[in-house]
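# Report on the structure
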Amino acid sequence: MEETISLKEIFEVIKKRLLLIFTFILVAALAAAIISYFVMTPKYENSSQFIVNQSNQEQANQFTQTDIRTNVEIINTYNVIIKSPAILDTVATELQLDLTSSQLSEKISVASEENSQVVTVTATDPDPLLATDIANTTVQVFQDEIPDIMNVDNVSVLSQAELADEPSPVAPNPILNIAIAMVLGAMVGVGIAFLLEYLDNTIKTEQDIEKQLNIPVLGVISHMDEKDVRNEQFGRASLVNKSVRSGFDGAKKTV
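Residues numbered from 1 in each chain as written. Predicted model: local features only at pLDDT ≥ 70, side-chain atom pairs only at ≥ 80, totals over all residues. Heavy atoms only, no water.

## So, a nonpolar patch on the surface
Where we set the bar: Each patch is built from salt-bridge-free residues with over 30% relative accessible area, joining like charges within 9 Å and nonpolar side chains (Val, Leu, Ile, Met, Phe, Trp, Tyr) within 5 Å. Only the protein chains shown count as cover for residues, and the accessible areas themselves come from Shrake-Rupley with a 1.4 Å probe. In what follows, salt bridge is the name for a side-chain nitrogen of Lys or Arg lying within 4 Å of a carboxyl oxygen of Asp or Glu. A run of H or I in DSSP counts as a helix once it spans at least four residues, and a run of E counts as a strand once it spans at least two, with each numbered from the N terminus.
On the surface, Leu 30, Ile 34, Ile 35, Tyr 37, Phe 38, Val 39, Met 40 and Ile 175 cluster together into a nonpolar patch covering about 870 Å² of accessible area. Per-element accounting of the nonpolar patch gives the leading share, six residues, to helix H2 (residues 18–39).

## What to know about helix H7 (residues 128–150)
Formally: Expected span of a helix, by definition, is 1.5 Å for each gap between consecutive residues, and there is one gap fewer than residues. A residue's bend is simply the angle between two axes: one fitted to the seven residues ending at it, one to the seven starting at it. Burial classes follow relative accessibility: with a 1.4 Å probe on protein chains only, a residue under 20% of its type's maximum area counts as buried, one over 50% as exposed, and anything between as partly exposed. Contacts described as polar in this section are N or O atom pairs within 3.5 Å, which, within protein, must combine one atom able to donate a hydrogen with one able to accept it, while residues neighboring in sequence count only if both atoms come from side chains.
Given a rise of 1.5 Å per residue, 23 residues ought to cover 33 Å, and the 32 Å separating the end C-alpha atoms of H7 matches this to within 8%. Of all the bends in H7, the greatest, near 35°, is centred on Asp 144, and the proline Pro 147 appears no more than four residues after it. For H7, the set of buried residues is Ala 131, Thr 132, Ile 134, Ala 135, Asn 136, Thr 137, Thr 138, Val 139, Val 141, Phe 142 and Ile 146. The distance from a side-chain oxygen at the start of H7 to the backbone nitrogen of Leu 129 is 3.1 Å, and the residue carrying that oxygen is Asp 127. Just past H7, the residue Asn 151 takes up positive phi, approximately 60°.

## A word on the side chain of Asp 125
The criterion, for reference: Residue contacts are counted whenever heavy atoms from the two residues lie within 4.5 Å of one another.
Secondary-structure assignment places Asp 125 in strand E3 (residues 118–125). For Asp 125, a relative accessible area of 6% puts it in the buried group. Within polar-contact distance, the side chain of Asp 125 engages the side chain of Lys 107 at 2.7 Å. Within the local environment of Asp 125, its side chain forms a polar contact with the backbone nitrogen of Asp 127, the two atoms lying 2.9 Å apart. Filtering out sequence-adjacent residues up to four positions away, Asp 125 remains in contact with Lys 43, Tyr 44, Lys 107, Leu 130 and Ala 131.

## Considering the packing of H2 against helix H8 (residues 174–199)
Using the following cut-off: Fitted lines through C-alpha atoms give the axes, limited to the stretch in contact for helices. The angle between two N-to-C directions lies from 0 to 180 degrees. Angle categories: roughly parallel below 35 degrees, roughly antiparallel above 145, roughly perpendicular from 65 to 115, and oblique for all the rest. When the near helix sits turned anticlockwise from the far one by under a right angle, the crossing is termed left-handed; a clockwise turn instead gives a right-handed crossing. Gly is put with the polar residues, along with every residue not named as nonpolar or charged; the nonpolar set is Ala, Val, Leu, Ile, Met, Phe, Trp, Tyr, Cys and Pro, and the charged set is Asp, Glu, Lys and Arg.
Relative orientation of the contacting elements H2 and H8 amounts to 150°, with a least axis distance of 7 Å. With respect to each other, H2 and H8 are oriented roughly antiparallel. By crossing handedness, the relation of H2 to H8 is classed as right-handed. Grouping the amino acids of the contact of H2 with H8 by side-chain chemistry returns 19 nonpolar, four polar and no charged.

## Notes on the packing of helix H1 (residues 7–16) against H8
Look at H1 against H8: their axes get within 9 Å of each other, and the N-to-C directions meet at 105°. Taken as axis vectors, H1 and H8 run roughly perpendicular relative to one another. Residue-level inspection shows Ile 10, Val 13, Ile 14 and Lys 16 of H1 in contact with H8, the latter providing Ala 193, Phe 194 and Glu 197. The residue inventory of the contact of H1 with H8, partitioned by class, reads five nonpolar, no polar and two charged.

See below:
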């Protein structure tokens, strides 16, 4: 027999386990805050740009649409060359970094807009000054080495990375991390709430009896706690007092 669950039952389960769900949300948010502020290392980034173009004005005046398209297509090759050992080994040597070319490559990203001759080199590092130096040095070394590597001289520095007075880290983002953790905590809390409800096979209501045992309910015995018993005794005592008082008053009138 296929079982169905109504929205009312869903809300009843959530309401019943609301404290559990809020506990998961709070724990997840607290853990994300601690990790974001005290465990994860802040990372800073800075960018330098260069443009792929001809090096002298006379050649530039002879540019055609084909030349521009060729420069755009060659950028894909330049993006690979920038992160190659031929460039990064020199960058590491100039900056006196104890890093291999592959390790330095992980700190650098290269991007260009579609159909644009401008390439942006972005460096990321826990030290904002080093991130700035890596970006600028990488572009400078690339500009110096590309004539020997590709036998062309069509790279010009467009802008250099500059260190801000008060640089802000790009990672981690505590607010975003906490928000994501709260959503995940809520999902886990709701999931565990329904799991506990599914595993709970105890019979609590007359509806559970009809559902589990498939028999009709003939009667229900109400639960009474100590407070209800005291109230019941107090009510009976009040009725007795009223009866005695009424009998006494009736006897006085008769006399």
